[in-house]
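A structural walkthrough
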Amino acid sequence: MGVGVSIFTITLGAILKFAISPTAMTSPVDVHVIGVILMIVGGVSFLLQFLLTSRSTRTARGVDRENLYNGDNPPPAI
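Now for a quick tour of the structure. (Residues numbered from 1 in each chain as written. Predicted model: local features only at pLDDT ≥ 70, side-chain atom pairs only at ≥ 80, totals over all residues. Heavy atoms only, no water.)

Counting its regular elements, the protein contains three helices and zero strands. Reading the protein from its N end, one meets helices and strands in the order α-α-α. By the burial criterion, 12% of the 78 residues in the protein qualify as buried. Sequence separation of 24 or more characterises 47% of the internal contacts of the protein that already satisfy a separation of 6 or more. (Helix = DSSP H or I, 4+ residues; strand = E, 2+ residues; numbered from the N terminus. Buried < 20%, exposed > 50% of the residue type's maximum accessible area, 1.4 Å probe, protein only. Contact = heavy atoms within 4.5 Å.)

Take a nonpolar patch on the surface next. A surface patch of nonpolar side chains, amounting to about 560 Å² of accessible area, comprises Val36, Ile40, Val44, Leu48, Phe50 and Leu51. On the secondary structure map, Val36 appears in helix α2 (residues 31-58). Assessed through its relative accessible area of 32%, Val36 is described here as partly exposed. (Patch = residues over 30% accessible without salt bridge, like charges linked within 9 Å, V, L, I, M, F, W, Y side chains within 5 Å. Areas by Shrake-Rupley, 256 points an atom, 1.4 Å probe, with all protein chains shown as cover. Salt bridge = Lys/Arg side-chain N within 4 Å of Asp/Glu carboxyl O.)

The residue Thr9 is located in helix α1 (residues 3-19) in this model. Side-chain polar atoms of Thr9 contact the backbone oxygen of Val5, separated by 2.8 Å. (Polar contact = N/O pair within 3.5 Å; in protein donor to acceptor, adjacent residues only side chain to side chain.)

Further remarks concern α1. For α1, built from 17 residues, the straight-helix expectation of 24 Å at 1.5 Å per residue is met to within 8% by its first-to-last C-alpha distance of 23 Å. All buried positions along α1 are accounted for by Ser6, Thr9, Gly13 and Leu16. Along the axis of α1, the buried positions cluster into a sector of 95°, meaning they face one direction only. Among the exposed residues of α1, those pointing more than 90 degrees away from its buried face are Gly4, Phe8, Phe18 and Ala19. (Expected span 1.5 Å × (residues − 1). Arc of directions from axis to C-beta.)

In this section: the side chain of Ser6. Structurally, Ser6 is set in helix α1. The class for Ser6 is buried, based on a relative accessible area of 0%. Within polar-contact distance, the side chain of Ser6 engages the side chain of Ser45 at 2.8 Å.

For Val41, the location among the structural elements is in helix α2. Classification of Val41 as partly exposed rests on a relative accessible area of 40%. For the pair Val41 and Ile10, spaced 31 residues apart in sequence, the C-alpha separation works out to 7.7 Å.

Residue placement: Phe18 occurs in helix α1. Under the relative-accessibility criterion, Phe18 is labelled exposed at 63%. Sequence spacing of Phe18 and His32 is 14 residues, and the spatial spacing of their C-alpha atoms is 7.6 Å.

Here you go:
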């Protein structure tokens, strides 16, 4: 899931949790519980997306440039 889908899932969960009255639905499913579950899934997805994005920008082209240069060997020319 991307960041946009995560935000959409959190928004949909918030709508189900806070904007719909429990008497509006006649089904045996609790709409508020579904809203809380969607907000949790969207939040976890957003955090994972954020962590994976920050991790991938630190290692450009699959090479960790911080740990490559140790003082004795110059970094390779790009």
